[in-house]
Amino acid sequence: NTDDADGSAVGVVDVTNGVVARPISTDPVIESLTSSRGVWGPDSAHVLVATAYGPAVLDAQAVVVLSPAPGDQEVRAAGWRDETTLLGVRPTDDGGLAIVTRGLADPRWSTVGKVAADAVRGSAPPSRVFAAPDGSRLLLLWPAESGPARSVLVDARTGTPVPFAGETATTTIGWDNC
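Residues numbered from 1 in each chain as written. Predicted model: local features only at pLDDT ≥ 70, side-chain atom pairs only at ≥ 80, totals over all residues. Heavy atoms only, no water.

**Some words on the nonpolar core**
Within soluble globular proteins, side chains that are nonpolar generally end up buried alongside one another.
Phase 1 of the analysis: Core analysis: the largest hydrophobic core is formed by 15 residues, its most contacted members being V89, V115, L138 and L140.
Phase 2 of the analysis: Going through the elements one at a time, strand 8 (85-91), strand 9 (97-103), strand 12 (137-142) and strand 13 (150-155) are the ones with two or more residues in this core.
Phase 3 of the analysis: Ranked by the residues each element gives to this core, the list is headed by strand 12, at 3 residues.
Phase 4 of the analysis: Here L140 is in contact with V89, L97, V120, P126, R128, V129, R150, S151, V152 and V154, once residues within four sequence places are set aside.
Phase 5 of the analysis: Within the second largest apolar cluster, 11 residues are counted, among which are V39, L66, W80 and L104. (Core = buried A, V, L, I, M, F, W, Y, C linked by side-chain atoms within 4.5 Å. Buried < 20%, exposed > 50% of the residue type's maximum accessible area, 1.4 Å probe, protein only. Helix = DSSP H or I, 4+ residues; strand = E, 2+ residues; numbered from the N terminus. Contact = heavy atoms within 4.5 Å.)

**Section: the sheet that holds strand 7 (residues 76-82)**
Phase 1 of the analysis: Judged by pairing direction, the sheet is antiparallel, and its 4 strands sit side by side in the order 7-8-9-10 without closing on themselves. Pairing within the sheet leaves two strands with one partner each, and these edge strands are strand 7 and strand 10 (110-115). Across the sheet, the axes of successive neighbouring strands diverge by a mean angle of 30°, strand direction being ignored. (Pairing = 2+ DSSP bridges. Axes fitted to C-alpha atoms, helices over the stretch in contact; angles between N-to-C directions.)

As C-alpha cells, this is what we get:
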C-alpha cells in the first residue's frame, strides 16, 4: 500500500477488505528493498524480494523470514525450486555461473550446478534471471548493449543449455532490443 501524499510504502493491505494488515516496519531488510519485482512462493506463504544486500524472503505479512547473508549481493535470485527453497545464480571466477539454492532455514547459499563460461560467453552476470514455475529451468537475460538483448535457457540442476522450442541447445536467442 502507498501513502497518497508522498507515494511511500505504509503497509501490507489485505486484498479481501482493503485494510492495512500490518504497517511496514523499519526493518533494515525492508528499508533496503530495491525496485525489482517480488516472486511469490508456490504456496503463496512467502515472497522472494531483492534488496541492496542480496535476496531476502518475506512472509505474507511482510515479516522478514530470511535475511541476506554476507556476500549475497552477488546472487541473482531467480525464483523458487519448491515451497521452501530459493533458486538463483552467482558469478564464478572462471566467467561462468554457479547455480545456487538456499532453503528458508539455511544460513547460506549452496552450489548445486554450474553454467559453463562458454554457455554465457564469459560475460558479466545476467541482469535478470527467471525460474520456471517447477524450478527445472533458468532463463538468463542480458540487456541490449550494442545490439539485441540476449538470453540462454539452462537446466536448473546441471547448468546445461536447454533448447527453446524449435531451436537447438546452442542457439542464443536475440530479443530485438526488448
